[in-house]
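The chain contents come next:
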Amino acid sequence: MRALAGGPISRLPQLLEAMVTVGSDHDLRRALDRIAENAAALTGARHAAVSLPDKDGPGELITHGPSPATEQPAGAFLEVPIRVQGKLSGTLRVTGKDSGGEFGDGDLHLVRVLATQAGIAVSNARTHAAARQRRRWIDGTASVTTALLAEPDTRSTTPNALTVVAEQGRDLADAATGAVLMPHPEGGMEIVAISTVLSEAVRAESEHARIPPQSPSVHQIRAGLAVFSDDFGGDPRSISPLSRHYGPMMLLPLRSSGRVLGALALCRKPGERRFSHTERTLGTQFAAQAAVALVLADRHRDREQLAVFEDRDRIARDLHDLVIQRLFATGMLLETARRKAQLPEVAEGVGRAVDELDATIQEIRSAIIALQQGPAAVPGLRSRVLREADAATPVLGSRPSVQFVGPVGARLDDEGGRELLAALAKALAEAAPLVPAAARPARIEVVVDALAMLPDGRPAVRLTVSVPAAPEALTVWERPL
């Protein structure tokens, strides 16, 4: 823009045009660049600068024209304040008249008008930025809640749910690391989930790292108070060796209904800009909402688990009240028919059918016990025992009868379950040669007794296999409890 001569009135149309141009631009840096350009053109200055210091970072410095440091001599200058909502936020400075003279009152009025316009542009830009930032945090909080409630197995103590909180918090805060800490049984707090852009070495060092109970930060978090630091590595409140990796930090309580579940740590690298007041407020609100989401997810999981248990109880009752009673009645009818049968082969066939019904009733009773088991039972142990029996059917000529006595799954841990299955597979393989070909199909009976007692009176789980060719049932495996 060419320098203009004349008084303020003659330059008014150009000033209004500049104000309209600046006001229509929503990009702050572009708007400030135009203000510097217009300030230089309207006042006939060789150099103009808009300076907006920021206590949370480097701020903005927009210049137009050659640097005044290169001018010989430096020349005259004019500087006016830029105010945003009544507060001093920066300056607009013009330097070096093209004519070599001094800036007059008309120049001062023009620069003041442009400084006012700069303040309006800054205010609008900050308002829009704050709105976008709040919307981003709100959307992030909603996505965390949705993710936690959409996962049926999510609960507040699982790493998967907590990692969602750590990852989303780190992303929203533009942090290098987000971590969730939970109270440790021995005191202090422990990192249970982490999301970081730092090296794998830092990640490995951070996983399950503890903050000792004597840490002032731990006392503040347990009191439900947030901890903020502009330099975590040099903060005297920090006694964790992990602090050397970080600069600005927010340690926010995960608090719901007056109860502190844990804490969310959001950390930036050393030397990066500190967290602003707005970011601290939004981070605190995010942590509170995340805590609520974790509690809701935990209750949601409990309700689903309760519904599963109720279905299991209903199925168990139906099996006991309907299926077993009908099978038992059918067995009684067959037993009566066997006694009245005149042909031996008919009586023998009916007898085998009765035996099959008895075995089926035993297996259904075992299934009822399995349905009534709590979550501590080894999952699928009874099913795996039945699969082993099915696998041996082609070799034995008939399916072995399997009977469970007592809560087998609840009595055995995973290792015990593997030992039982291995012993069963071996016993069934060794039983096949014991059954003469003429006696096949022969029914081999398998009993898994969780209520067995050892000779010394100790409780045990015992596996026995009965082979028709053997004189008595063989104990092939037992484990004291």
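Considering the overall build of the chain
A count of helical and extended segments in the chain gives 11 helices and 14 strands. When burial is assessed residue by residue, the chain has 41% of its 481 residues classed as buried. Summarising the internal contacts of the chain: among those between residues at least 6 apart in sequence, 60% fall at separations of at least 24. Summed over all atoms, the accessible surface of the chain reaches about 25200 Å², with 55% contributed by carbon and sulfur.

So, the sheet that holds strand β9 (residues 249-256)
Read across the open sheet, the six strands follow the order β7-β6-β5-β10-β9-β8; overall the sheet is antiparallel. Of all the strands in the sheet, just β7 (210-211) and β8 (227-229) have a single pairing partner and so form its edges. Two elements, strand β5 (residues 177-183) and strand β10 (residues 259-267), share five bridges in a ladder whose sense is antiparallel. Paired with A179 across the strands is A265, a residue of β10.

Focus on the pattern of salt bridges
By the definition in use, this model includes 17 salt bridges. Across the pair R479 and D413 runs a salt bridge, and its minimum N-O distance is 3.8 Å. You can see R479 sitting in strand β14 (residues 474-480) and its partner D413 sitting in the loop between α10 (408-411) and α11 (414-431), a full 66 residues away along the chain. D413 sits in the partly exposed class, given a relative accessible area of 39%. A salt bridge links R479 to E419; its shortest N-O distance comes to 3.1 Å. Taken together, the positions of R479 in strand β14 and E419 in helix α11 put the pair 60 residues apart, joining distant regions of the chain.

With respect to the packing of aromatic side chains
A full pass over the atoms with the stated rule returns one aromatic pair. Measuring from centroid to centroid gives 5.8 Å for W137 and F286, while their planes differ by 75°, and the two rings are edge-to-face. Separated by 149 residues along the polypeptide, W137 in helix α3 (residues 105-150) and F286 in helix α7 (residues 277-340) bring together distant segments of the chain. Here the two residues W137 and F286 agree in accessibility, since each one is buried. Positioned over the ring face of F77 is R93, at 4.1 Å from the centre of the ring.

Criteria and thresholds
Residues numbered from 1 in each chain as written. Predicted model: local features only at pLDDT ≥ 70, side-chain atom pairs only at ≥ 80, totals over all residues. Heavy atoms only, no water. Helix = DSSP H or I, 4+ residues; strand = E, 2+ residues; numbered from the N terminus. Buried < 20%, exposed > 50% of the residue type's maximum accessible area, 1.4 Å probe, protein only. Contact = heavy atoms within 4.5 Å. Areas by Shrake-Rupley, 256 points an atom, 1.4 Å probe, with all protein chains shown as cover. Pairing = 2+ DSSP bridges. Salt bridge = Lys/Arg side-chain N within 4 Å of Asp/Glu carboxyl O. Phe/Tyr/Trp six-rings, centres within 6.5 Å; stacked < 30°, edge-to-face > 60°. Lys NZ or Arg CZ within 6 Å of the ring centre and 35° of its normal.

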